[in-house]
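Notes for the structure review
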Amino acid sequence: MKKKLITILVTSIIMIAATGAFLWKMNDISKKMEKQEEAVLDEERDLSEYQGIKAAETVEELDIIPLYMSGDNKNVVTINYPSKKDIYDTSSSAKAEETLTDIKERAGKYTPASALWAYNPYGTNNNSLYVYFKTSGKCYCRYTVSVKDKKIPDFTRTLVNQLSGGVSKEHEYQLIGLVPGETNYIVMKFYNGSDELSNSFTYKIDMPESSMGAQTIIKSNDGRSKSKLSNGLYTVFSNGKPEKVKTTRIVTKKVMKKGRKVTRRVKKTVWKRIRNYAILLYDNSGVLRGEIPLDGYCGRNIQSVYDGIAYSCADNQVALVNALGQVTKVYKINGYKQSGEMAYDGFGNLYVIATPYRKKAVKDSCIVKIELESGKTGVALDMNTLLPSVYNDAVKKAKKKVPDWIKLNSIQVTGTNQLLVSSQALSSIIKVSNVNSLMPRVDYIISDKDIWKKYKNLKKKVLTKALEGEATPEPAETPAVNSILDKPNKERELFASQAGQNAIVYENPSSLAEGQYYLTMLNNNSGTGAVNNSKSYYYKYLVDETTGTYIRSETKGFDKTRYGGNVTKTDDVFIYCNADKNKLIETDTAGRLIKEFYPGLDLYRIYKYDWKGFWFN
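Position numbers for residues count from 1 along each chain, tracking the sequence in the order it is written. pLDDT decides what is reported in this predicted model: residues at 70 or higher carry local features, side-chain atom pairs at 80 or more are listed and counted, and totals for whole chains, interfaces and linings draw on all residues regardless. Hydrogens and water molecules were not included; the side-chain quantities draw on all heavy atoms of the structure.

**A closer look at the nonpolar core**
For soluble globular proteins, nonpolar side chains are generally found buried alongside one another. By size, the foremost hydrophobic cluster in this structure holds 62 residues, and its most contacted members are W117, Y143, L175, I186, M188 and Y311. Each helix is a run of H or I in the DSSP string that is no shorter than four residues. Each strand is a run of E no shorter than two, and both are numbered from the N terminus. Broken down by element, this core gets its largest block of residues, 9 residues, from strand β4 (residues 129-146). Apart from the residues within four sequence positions on either side, M188 is in contact with W117, F133, C141, R142, Y143, L159, Y173, L175, N199, S200, F201 and Y203. Only buried residues count toward a nonpolar core. Its members are Ala, Val, Leu, Ile, Met, Phe, Trp, Tyr and Cys residues joined through side-chain atoms within 4.5 Å. Accessibility here uses a 1.4 Å probe with only protein chains present; expressed as a share of the type maximum, an area under 20% marks a residue as buried, one over 50% as exposed, and anything in between as partly exposed. Formed by 29 residues, the second largest nonpolar core is a distinct cluster that contains V390, V413, I445 and V462. Any two residues having at least one pair of non-hydrogen atoms within 4.5 Å are treated as being in contact.

Structure, rendered in structure tokens:
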């Protein structure tokens, strides 16, 4: 018995020691993995301070495979699009795909050393190359774009294989991030399933200048915050870049003929002022990494749809584009032009803020629904008929002019046939159900009640402000925000609601109770209900549909922008587009500046995306 106890004791000690050693080893492995992941994140931060020696300075010329878009040595496929309309013609895009497929079939085997390259074959990203090849073993690819200009950091990402999604012998990619007007060195490294480097190749190509004349490196200033910039590319939506172009028009001119003055129609060369539009992608160093050309309208946002992205490619068209850049579908909105953002419902429908194409139409007053499978479009919601008493009052006040009374600027889908719409003019966020029907219904309004006091039926629908937990009589705020609350009224407000708000975002995490959701926005603090100060704000509400209340759970002040702009928050930073000053800032959560950028355009909004799951892993 004693021997058994000793044996059990020794065995237990050995097992405890083994378990301890195993846990120590796992902890050590975990720490190493965390360091490796952090190193990758730093490399992808697009800042020279984290990257060391540039790849362009380490490659040997003898090892470089040159790529040529023209001349006797041309080895890159180029496809010409006469106009931006041609880019967003699905037949043109399908023809480009057929061309690439035909070349692949005729030429036979493509390897990394002799890959099929094409410059922007679908016309949808001027800073991109298409590449196709096969490898002898299964692998994934990580690539670096490098130029010899020391102001421009290397651009490194791991690619999503469009043919397999993981390790594969067959590879097809759209490489973005190439720098316009520079000699670009592309280093492609191949790793097996065990993350071991198996091979690498280096290519060199001269890229053309920006087609819309966008700045290659935009002006930027560092702030005093020691926090790191978030990873990703700033996606810039602007009101275009003006340009003067020569054009020919027919004019009438009096000339002498046989001693008499006669009128003739002649061609005359004149200068015409136009605007070039594109969605621009800039990295953390302010370097242009993507340029998505558009046909006359920049839209307000991008939506992820199916395995591609949807964006406005013209004022009455929305394009679906896949990760290779191919335009798979284009939807035309008959009778309307887009005048705001769009929202995807997750079930095959896009909702777009629009204005009717007719004289005396109220701007930004309608929501158009696009059915992605059938291509059908139709009015889902008309604010003029949803709020007839408010509209009729606006008509009387405007007299003979068209009333600009609603100014929808943001939209979110909250459920089947349910929308949240943001009205800038009314400083109100309106929840509407039964959209797409003859009888849509206002469920409730998030706004100050004073805005709706004239309309008794609608005033009843305004949600009640509340304090979180009702623990304190007023929210703890910075002095700047406290000054907003210092009102002489006997009945002091809990907090100031949004005024002239923009870019609302609906969030419904599983951690919240049924009927609750978060709503974030840029409170421009402009127009109806605005407080007289020099601030705009990031607002976060906790909305409770069950109790009919909303709580302001978070706020942060920024330099004021009256119209346009947006603000987003991650765990670590705020990203704020000040449309009035045409600048972008990124701050830490305390509001201290990390970096600011000046893209040199008339800005509307700027988002930041890491594009993972689309172009990158």
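**Overview of the layout of surface pockets**
Points on a 1 Å grid, built from protein atoms alone, make a cavity when a 1.4 Å probe fits but cannot get out and make a pocket when they are open with protein on both sides within 12 Å along at least 5 of 7 lines; residues with an atom within 4 Å of a point are the lining residues. Grid points are joined across faces, edges and corners, and a volume is the space filled by probe spheres set on the points. Empty space within the largest pocket amounts to approximately 760 Å³. Every residue lining the largest pocket is counted, 33 residues in all, and those nearest its centre are V505, E507, T568, Y607 and Y609. Counting only elements with at least two residues in the lining of the largest pocket, the list comes to β14 (303-305), β18 (336-344), β22 (408-415), β27 (502-507), β28 (516-523), β29 (535-544), β31 (566-569) and β35 (603-609). Residue polarity follows a fixed list, in which Ala, Val, Leu, Ile, Met, Phe, Trp, Tyr, Cys and Pro are nonpolar, Asp, Glu, Lys and Arg are charged, and the others, Gly among them, are polar. Partitioned by chemical class, the residues of the lining of the largest pocket number 15 nonpolar, 9 polar and 9 charged.

**Examining the side chain of S168**
Positionally, S168 belongs in strand β6 (residues 168-175). The exposure class assigned to S168 is buried, which follows from its relative accessible area of 9%. Reaching out from S168, the side chain makes a polar contact with the backbone oxygen of E170 at a distance of 3.0 Å. Pairs of N or O atoms within 3.5 Å make up the polar contacts considered here, provided that, within protein, one atom can donate a hydrogen while the other can accept it, and that residues adjacent in sequence are counted only when both atoms are side-chain atoms.

**Digging into the sheet that holds strand β17 (residues 327-332)**
The strands making up a sheet are joined through hydrogen bonds of the backbone, oriented either antiparallel or parallel. Two strands make a pair as long as DSSP finds a minimum of two bridges between them. Strand order across the open sheet formed by 4 strands is β14-β15-β16-β17, with antiparallel pairing between neighbours. At either margin of the open sheet sits one strand with a lone partner, and together these are β14 and β17. Between one strand and the next, the sheet's axes are offset by a mean angle of 35 degrees, whatever the strand orientation. Of the pairings in the sheet, the one linking strand β16 (residues 317-321) to β17 comprises 5 bridges and is antiparallel in character. Of the residues in β17, the one forming a bridge with V321 is V327. The axes used here are C-alpha line fits, helices contributing only the stretch in contact, and every angle between their N-to-C directions lies in the interval 0 to 180 degrees.

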